[in-house]
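What follows is each chain in one-letter form.
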Amino acid sequence: QVQLVESGGGLVQAGGSLRLSCAASGSIFSINAMGWYRQAPGKQRELVAAITSGGSTNYADSVKGRFTISRDNGKNTVYLQMNSLKHEDTAVYYCNLKNIWRDGVAGLLYWGQGTQVTVSS
């Protein structure tokens, strides 16, 4: 089992910044991918950004140039630096972790409890 604990959400004015953190613990493979998703009211959960244990990153087009994902493998923690926030970034942000077997096959996917980000316009 893997436990994920998010922190750093809150209320911020448009144009402001927030930094989210997600600390993972438990049965974490040396090869894994961690990511941030978000879900706004009435909408489906969507990918924001993801990063592998090797450092490869992937971003949604809507956040490219504004958000930066990073990780500290020693602490099993992933971060999401969010700059130039817009009202439409308002959502519950979820962290996830996917273990990956050495042959590349995906293992189980785990989710955090979510943290609310509200951007006032």
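Scroll up for the structure.
First, a word on what this report is: a plain description of the structure on this page. (Residues numbered from 1 in each chain as written. Predicted model: local features only at pLDDT ≥ 70, side-chain atom pairs only at ≥ 80, totals over all residues. Heavy atoms only, no water.)

## Concerning the overall build of the protein
So, step 1. Looking only at helices and strands, the protein features 0 helices and 11 strands.
So, step 2. Going residue by residue from the N terminus, the α and β elements of the protein occur as β-β-β-β-β-β-β-β-β-β-β.
So, step 3. Relative to the 2.2 N^0.38 estimate, which gives 14 Å for 121 residues, the radius of gyration of the protein is 14 Å and therefore close to what a compact globule would have.
So, step 4. Seen through its C-alpha atoms, the protein measures out along the principal axes to roughly 45 × 25 × 25 Å.
So, step 5. Of all 121 residues assigned to the protein, the portion counted as buried reaches 40%.
So, step 6. Taking all contacts inside the protein whose residues are at least 6 apart in sequence as the whole, residues at least 24 apart take part in 55%.
So, step 7. Per element, the accessible surface of the protein, about 6400 Å² overall, is 50% carbon and sulfur.
So, step 8. When the 11 basic and 7 acidic side-chain charges of the protein are each reduced to a single mean position, those positions are 2 Å apart. (Helix = DSSP H or I, 4+ residues; strand = E, 2+ residues; numbered from the N terminus. Rg over C-alpha atoms; globule rule 2.2 N^0.38 Å. Buried < 20%, exposed > 50% of the residue type's maximum accessible area, 1.4 Å probe, protein only. Contact = heavy atoms within 4.5 Å. Areas by Shrake-Rupley, 256 points an atom, 1.4 Å probe, with all protein chains shown as cover. Lys, Arg positive; Asp, Glu negative; His and termini not counted. Charge placed at Lys NZ, Arg CZ, Asp CG, Glu CD.)

## Points about the sheet that holds strand β8 (residues 77–82)
So, step 1. On the basis of which strands lie adjacent, the open sheet formed by 4 strands has the order β1-β3-β8-β7 and antiparallel pairing. This sheet does not close on itself; its edge strands, each paired only once, are β1 (2–7) and β7 (67–72). Sheet twist, expressed as the average angle between the axes of neighbouring strands with direction ignored, equals 15°.
So, step 2. Relative to strand β3 (residues 18–26), β1 is paired through 6 bridges, and the arrangement is antiparallel. The residue of β3 that forms the bridge with glutamine 3 is serine 25. (Pairing = 2+ DSSP bridges. Axes fitted to C-alpha atoms, helices over the stretch in contact; angles between N-to-C directions.)

## Describing the state of the cysteines
So, step 1. Under the counting rule described, the total for this entry stands at 1 disulfide.
So, step 2. In this model cysteine 22 forms its disulfide with cysteine 95; the gap between the sulfur atoms is 2.1 Å. On the sign convention where negative means left-handed, the S-S torsion of about -80° between cysteine 22 and cysteine 95 marks this disulfide as left-handed. Highlighted residues: cysteine 22 in strand β3 and cysteine 95 in strand β9 (residues 91–100), separated in sequence by 73 residues.
So, step 3. For cysteine 22, a relative accessible area of 0% puts it in the buried group.
So, step 4. The buried category is assigned to cysteine 95, whose relative accessible area is 0%. (Disulfide = S-S within 2.5 Å.)

## What about the pairing of strand β10 (residues 106–111)?
So, step 1. Bridge count between β9 and β10: 4 bridges; the pairing is antiparallel. Paired with lysine 98 across the two strands is leucine 109, which belongs to β10.
So, step 2. From the end of β9 to the start of β10, which pair antiparallel, there are 5 residues, and glycine 104 there has a positive phi angle of about 95°.

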